[in-house]
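Here is what each chain is made of, one letter per residue.
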Amino acid sequence: MKLYHNLSKIGFLKKSYASKFLFVAFIGIHIPLIGILFFVLFFDNNISPASILIFSIAMTLLATLITLVVLKQLIMPIAIASKSLDDYRNDRKLSVLPTEYSDEAGLLMCNIQESIYEAESFINEKQDLIYMLSHDLKNFAGNPQGLANLIISENPSDSVKNLAGLICESTNLQFRYIDNFIKLLNEHDQVAKISQEVRTIVFPAILPFINEQVEQRLLDKNIKLSLSLELVEARLRIDEGLLIQVLVNLISNAIKFSYFDSEIKVRIYFENEKLIITVTDKGVGFDKHQIDELFKKFTKMSRLGTAKESSTGIGLYLCKKIIERNKGELTAASEGKNKGAEFKIVFEV
């Protein structure tokens with residue numbers, strides 16, 4: 001940056017990054033010519049043509065080397081700006097770039113600096129809004145639960161007591177969903193802030209939470225959920241709650257596009273030092289050329305389910321982003337329409 005800073009003090013170079021490059025290139029090109037002139041004028045007049053040729057080649061190579069070194073220093077602002085952007089995207093690290101220069105490189109650094117701060121401010125404001133909404137949602141969900149507990153405390157009839165108990169279970173499910181939804185939004189907002197901490201995921205412990213969230217949907221369409229668990233635990237770089245939410249979303253998606261009285265299979269297993277989770281259904285499926293469209297945000301493939309269920313067009317997009325940001329891969333496959341589909345999650349272990 002020192003060379004760039006010094007050149008920026010020169011009046012005719014101050015506002016043009018290209019002029020700085022041309023100036024350095026001009027000096028570099030003329031170093032050999034100046035050297036040859038001095039060599040011929042001030043050294044012995046009996047210089048042989050071969051000596052002049054060797055000296056010219058040496059001066060040209062030296063000038064080329066010096067020019068390349070200087071140009072490398074001159075592109076330092078671009079390199080620093082690029083690194084700052086990468087640091088923010090990969091580690092959410094805020095860098096401080098110089099913003100006092102008026103040429104193209106200076107404007108680039110200034111714009112990147114402002115963009116980083118604006119993005120950080122937007123994320124923080126959105127996080128505050130999420131926490132505020134989650135607090136209000138929990139209050140709304142807590143009111144029915146409080147009333148249900150009050151009813152239970154009054155020793156009502158068994159039927160009323162059972163209904164109140166169902167309300168409590170429903171609100172507990174809403175609380176859990178809100179918590180997982182907040183985690184999902186946090187993961188989606190914090191684009192590059194990924195925890196590298198390895199966690200032990202105990203699969204028998206998370207299956208009840210998955211079952212609880214999809215049970216009613218399975219009953220509504222009389223669909224059987226078959227779980228094949230070929231391992232007990234695995235060490236992964238993903239939050240347990242987010243993994244649960246991804247699996248719930250994938251199973252819910254399978255239910256939505258499965259026919260009544262069918263079956264959905266979930267398999268969790270190791271293969272070639274990889275943890276693999278598959279969710280397979282026998283539903284409407286899709287054509288191979290539609291696979292990329294599936295994972296797009298607000299996809300055009302947003303369709304009604306087999307029981308006219310609506311779709312937001314964002315669920316699979318978020319699932320893929322969460323898995324990829326936690327060092328995994330989510331893919332989809334189908335043999336065609338009405339031939340079912342398979343969604344596969346792969347983690348390197």
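Everything below is about the structure shown above.
Just so we're clear, the structure is a prediction, and the values are computed from it rather than from any experiment.

A. Seen up close, the overall build of the protein chain. Within the protein chain one finds ten helices and seven strands. Within the protein chain, buried positions represent 38% of all 349 residues. Sequence separation of 24 or more characterises 70% of the internal contacts of the protein chain that already satisfy a separation of 6 or more. Total accessible area on the protein chain is roughly 20400 Å²; 60% of this is exposed by carbon and sulfur atoms.

B. Representation of the packing of aromatic side chains within the structure. Per the stated rule, a full pass over the model turns up six aromatic pairs. Ring geometry for Tyr17 and Phe21: centres 5.3 Å apart, planes at 75°, overall edge-to-face. Here Tyr17 pairs with Phe21, and both are found in helix 2 (residues 17-42), just four residues apart, close to one helical turn. Assessed through its relative accessible area of 26%, Phe21 is described here as partly exposed. Ring plane angle 55° and centroid distance 6.5 Å describe the contact between Phe286 and Phe343, whose orientation is recorded as tilted. One end of the pair, Phe286, is in the loop between strand 5 (274-281) and helix 9 (291-294); the other, Phe343, is in strand 7 (residues 341-348), and 57 residues separate them in sequence. Exposure remark for Phe286: the relative accessible area of 3% places this residue in the buried category.

C. Region of interest: a nonpolar patch on the surface. A cluster of nonpolar side chains, Leu33, Ile34, Leu37, Phe38, Leu41 and Phe42, forms an exposed patch at the surface whose accessible area comes to about 660 Å². Along the chain, Ile34 falls in helix 2. Residue class for Ile34 comes out partly exposed when judged on its relative accessible area of 45%.

D. Inspection of the sheet that holds strand 6 (residues 328-333) at higher detail. Taken together, the five strands give an open sheet; going across it, the order is 2-4-5-7-6, and neighbouring strands pair in mixed fashion. Edge strands, defined here as strands with exactly one partner in the open sheet, are strand 2 (224-229) and strand 6. Ignoring which end each strand starts from, the neighbouring axes of this sheet average 10° apart. Two strands pair when backbone bridges link them, and strand 6 and strand 7 are joined in this way by six bridges, in the antiparallel orientation. When the sheet's bridge partners are listed, Ala332 is paired in strand 7 with Phe343. Each of strand 6 and strand 7 is contacted by helix 10 (residues 315-325), which is oriented at about 145° to strand 6, the strand it contacts most.

E. Inspection of the environment of Glu273 at higher detail. Position of Glu273 relative to the elements: it lies in the loop between strand 4 (263-271) and strand 5. Note on Glu273: relative accessible area 65%, which makes it exposed. Distance from Glu273 to Glu348, taken between C-alpha atoms, is 6.8 Å for residues 75 residues apart in sequence. Excluding residues that lie within four positions of it along the chain, Glu273 makes contacts with Glu348 and Val349.

F. Expanded view of the pairing of strand 3 (residues 233-236). Residues of strand 3 alternate between two faces, with Ala234 and Leu236 buried on one and Glu233 and Arg235 left unburied on the opposite face. Sheet analysis places strand 1 (residues 199-202) next to strand 3, joined by four bridges and oriented antiparallel. The partner of Arg199 across the bridge, within strand 3, is Leu236.

G. Representation of the nonpolar core. With 42 residues, the main nonpolar core has Phe203, Leu243, Leu250, Phe343 and Ile345 as its most contacted residues. Counting only elements with at least two residues in this core, the list comes to helix 7 (203-220), strand 3, helix 8 (240-256), strand 4, strand 5, helix 10, strand 6 and strand 7. Ranked by residue count, the leading element in this core is helix 8, at ten residues. Sequence-distant contacts of Leu243, that is, excluding residues within four places in its chain, are made with Ile201, Phe203, Ile206, Leu236, Ile238, Ile277 and Phe347. Membership of the second largest hydrophobic core comes to 16 residues, among which are Leu7, Tyr17, Ile112 and Ile123.

H. Here's a closer look at helix 10. Counting buried residues in helix 10 gives eight out of eleven residues, a clear majority hidden from the surface. Downstream of helix 10 by a residue or two, Lys327 has a phi angle that is positive, lying close to 65°.

I. Empty space enclosed by the protein, seen in detail. Summed over the entire model, instances satisfying the criterion amount to one cavity of 30 Å³ or more. Here the largest cavity defines a volume of roughly 40 Å³. Lining the largest cavity, in full, are Leu207, Ile210, Leu227, Leu247, Ile251, Val266 and Ile268. Elements supplying a minimum of two residues to the lining of the largest cavity: helix 7, helix 8 and strand 4. Residue composition of the lining of the largest cavity, grouped by class: seven nonpolar, no polar and no charged.

Cut-offs and rules
- Residues numbered from 1 in each chain as written.
- Predicted model: local features only at pLDDT ≥ 70, side-chain atom pairs only at ≥ 80, totals over all residues.
- Heavy atoms only, no water.
- Helix = DSSP H or I, 4+ residues; strand = E, 2+ residues; numbered from the N terminus.
- Buried < 20%, exposed > 50% of the residue type's maximum accessible area, 1.4 Å probe, protein only.
- Contact = heavy atoms within 4.5 Å.
- Areas by Shrake-Rupley, 256 points an atom, 1.4 Å probe, with all protein chains shown as cover.
- Phe/Tyr/Trp six-rings, centres within 6.5 Å; stacked < 30°, edge-to-face > 60°.
- Patch = residues over 30% accessible without salt bridge, like charges linked within 9 Å, V, L, I, M, F, W, Y side chains within 5 Å.
- Salt bridge = Lys/Arg side-chain N within 4 Å of Asp/Glu carboxyl O.
- Pairing = 2+ DSSP bridges.
- Axes fitted to C-alpha atoms, helices over the stretch in contact; angles between N-to-C directions.
- Core = buried A, V, L, I, M, F, W, Y, C linked by side-chain atoms within 4.5 Å.
- 1 Å grid on protein atoms, 1.4 Å probe; cavity = no way out; pocket = protein on both sides within 12 Å on 5 of 7 lines; lining within 4 Å.
- Points joined across faces, edges and corners; volume = space filled by probe spheres on them.
- Nonpolar A, V, L, I, M, F, W, Y, C, P; charged D, E, K, R; others polar.

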